[in-house]
Amino acid sequence: MTRHGLHRITRFRSAPRRKAIAIGVVGGSVVAGIVATMMPLLASDDLSIRAAADTTATAVSQDGDNAAKATLATCSTRCDGNPRGGREAVIEFAVTTVPANAVNVRATLRVHAWQQFAATVTAHASPLSAREARPTPAPAGPALDSVTGVSKGFNEWDISKLVTGNGTWTVGLAQTGLESRIYWASVENRNPDLRPSLVISYDIGTRPSSVPTTRSAPPPSAAPTTAAPKPSATIAPSRTATPSPSGTLPGGKCGSVSDKLVPSCGAWWGMYSPAGAGGGWDHGKAVTDVEAQVGRKFDIVHRYHDFSNAGSNGAFPDEYEQQQMREGRLMFFAWESRDFSAGTTLKWSEIYSGRQDATIDAVAGRIRAAGVPVFMGFDHEPEDEPAKGGDADFVRAWRYVYERFAKAGATNAVWVWTMMGWSGHYSRYAGLYPGDRYVDWVGYDPYNFHVCNGSTVWKSPSTTVGGFYDWLDANGVGAGKPRMLAEFGTNFNSADLGAKQRWFQDFPAALKAHPKIKAAIYFNSPGMTSRTETCDMTMNHDASAVAGFTKAGQDPYLRQPTGGSR
């Protein structure tokens, strides 16, 4: 239905997950000047490696075969009243896939504990074998990193001083400050998401041969059709970075992005937050209100637009998006072959036949005039759009739009191919992929719906994001491309009201365990679900959910010094 410009796209699918997009029609304007520069850099490639073996070193014979247990243990020298009861976790990793030209190798050990403890646990190089049933403790090697205060969930140690590339590396965890055992998940744990892992990131020792220039936007050619939003009292500077000389790598571990908007380490943190009639269709305030709740700016703002080429739905970037770019945020324009207000849908054949060329060229011109790299998508989740045509039609339409953007000089568009990622469509994804030439990022939309879609399964963050991630790895679709959670979300659990908070708090660990994901954008809308006593997919429906989401956004992995989170 259409009411004051609100159009709700209603979809029906046999798959178990559903959502919708609510978008307001607000008069748009032509693009104002936006000037920013981005540093080109070959993005680091990341690896998440499972432990090859582990055991607990101890002189306590009653422990039995520690190499076969589902848990590891640490304890101080005096442990549980035994003056010689000390225990040390010993973990072995086999690293084989770091390229020969990798530089700035960083290695993070991640081990899961089930409770909090007031103890210090130090990682060190270990001379012991992780494959023995019960090795005798030996003098520790050099200390690498310490955790003071063990957290519930994954704990992390920087062991980059030990792991410098390919090889077999053995790490010991030694405990002080608490004379009771701490148990950790081992490689035999029945939950694979909890097993020890080693996250390795690195830079490639080559660079692009030239630095792309930044275009200044031309002056507006027409007056806005509606008043521009009120500017903030101060405007934050645009993302700027000083390119390193050609042939050299930037200093430091993090803080730069490639010309395709890939952060050198960590991941972007983004938000889709719909505007509504109650807020005057203010798409800027819809985002800043959430930012105020969570205490940070988002790196990426996600908006959905249509083919009307009019108003805020189709004449984009609109005033709000222009200001968001001026304030240092990246934009992700999800462009749908629809007319939201009219409620009509285009066929993909109407795209590649040339009937929509005027609209495509107009949008390409405005994107080019933006003068900064922007994420661009065409018809996200096409596997759920049978009325638009077949898979081959989608690919042909995607390539057609891409080529017209290139012809128009809109080379600042960074193309994100976004799928649902549902296992019921695995057989189709290779046929829906336009090809590496036409895709910059691979995106998908994972959700933990729980009872919102009739399921009773509560999926952890790692399980939620891992299915399609693993399928992409196994099938080679988009190999080498950075990945994006173009949408993600979770329900709450009415039987465990703290579960949603913990889900958010555990989310950064899930991203670190899936390091090819370089951006994650929360879909903060009920979508096609309904708010009930057991279903609410928004991240700010109660204080505990906001607290969990805020904690996630504070993780250094999601605080890019070059992005909105500065």
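Everything discussed here concerns the structure shown above.
All values reported here derive from a predicted model rather than from experimental measurement. (Residues numbered from 1 in each chain as written. Predicted model: local features only at pLDDT ≥ 70, side-chain atom pairs only at ≥ 80, totals over all residues. Heavy atoms only, no water.)

> For this particular structure, what's the right way to read the state of the cysteines?
As used in these notes, a disulfide is a covalent bond between sulfur atoms, one from each of two cysteines. For the structure shown, the criterion picks out two disulfides. Through a disulfide, Cys-75 is tied to Cys-79; the S-S separation comes to 2.0 Å. Where Cys-75 bonds to Cys-79 through sulfur, the torsion about that S-S bond is close to 100°, and the disulfide is right-handed. For the pair shown, Cys-75 and Cys-79 are each scored as buried. In this model, Cys-452 is linked to Cys-535 through a disulfide, with the two sulfur atoms separated by 2.0 Å. Its torsion about the S-S bond being 110°, the disulfide of Cys-452 and Cys-535 is classed as right-handed. Separated by 83 residues along the polypeptide, Cys-452 in the loop between β23 (447-448) and α8 (461-475) and Cys-535 in the loop between β25 (517-523) and α10 (543-553) bring together distant segments of the chain. Comparing Cys-452 with Cys-535, the two get one shared label, buried. (Disulfide = S-S within 2.5 Å. Buried < 20%, exposed > 50% of the residue type's maximum accessible area, 1.4 Å probe, protein only. Helix = DSSP H or I, 4+ residues; strand = E, 2+ residues; numbered from the N terminus.)

> It is not clear to me how the packing of α8 against helix α9 (residues 499-513) should be interpreted in this structure. Could you clarify?
When two helices pack together, their arrangement is given by the angle between their axes and by how far apart the axes lie. Running from N to C, α8 and α9 point in directions that differ by 45°, and their axes come no closer than 8 Å. As judged from the angle between their axes, α8 and α9 are oblique. In contact with Pro-461, Ser-462, Thr-464 and Val-465 of α8, α9 contributes Trp-503, Asp-506, Phe-507 and Ala-510. When its residues are assigned to classes, the contact of α8 with α9 shows five nonpolar, two polar and one charged. (Axes fitted to C-alpha atoms, helices over the stretch in contact; angles between N-to-C directions. Parallel < 35°, antiparallel > 145°, perpendicular 65-115°, else oblique. Contact = heavy atoms within 4.5 Å. Nonpolar A, V, L, I, M, F, W, Y, C, P; charged D, E, K, R; others polar.)

> Help me out: how do you make sense of the packing of aromatic side chains in this one?
This model, assessed by the stated rule, comprises 41 aromatic pairs. Residues Tyr-304 and Phe-523 carry aromatic rings whose centres are separated by 6.3 Å and whose planes lie at 80° to one another, so their mutual orientation is edge-to-face. Note that Tyr-304 is positioned in strand β16 (residues 300-305) and Phe-523 in strand β25, a separation of 219 residues in sequence. Accessibility expressed as a relative area gives 1% for Tyr-304, which makes it buried. By relative accessible area, Phe-523 is classed as buried at 2%. Seen in terms of ring centroids, Phe-316 and Trp-335 are 6.0 Å apart; in terms of plane orientation they differ by 70°. Their pairing is edge-to-face. Of the two residues, Phe-316 sits in the loop between α2 (311-314) and α3 (319-326) while Trp-335 sits in strand β17 (residues 330-335), which places them 19 residues apart along the sequence. The exposure class of Trp-335 is buried, given its relative accessible area of 0%. Above the ring of Tyr-469, the side-chain terminus of Arg-483 is found at 4.6 Å from the ring centroid. (Phe/Tyr/Trp six-rings, centres within 6.5 Å; stacked < 30°, edge-to-face > 60°. Lys NZ or Arg CZ within 6 Å of the ring centre and 35° of its normal.)

> Explain the nonpolar core to me, please; I cannot follow it from the model alone.
Inside soluble globular proteins, nonpolar side chains tend to come together where they are buried. With 68 residues, the main nonpolar core has Ile-367, Met-376, Phe-378, Phe-405 and Trp-417 as its most contacted residues. When neighbours within four sequence positions are excluded, Met-376 is seen to be in contact with Phe-316, Phe-332, Phe-333, Trp-335, Val-363, Ile-367, Phe-405, Ala-413, Val-414, Trp-415 and Val-416. Listed in part, the 36 residues of the second largest apolar core include Val-111, Trp-169, Val-171 and Val-187. (Core = buried A, V, L, I, M, F, W, Y, C linked by side-chain atoms within 4.5 Å.)

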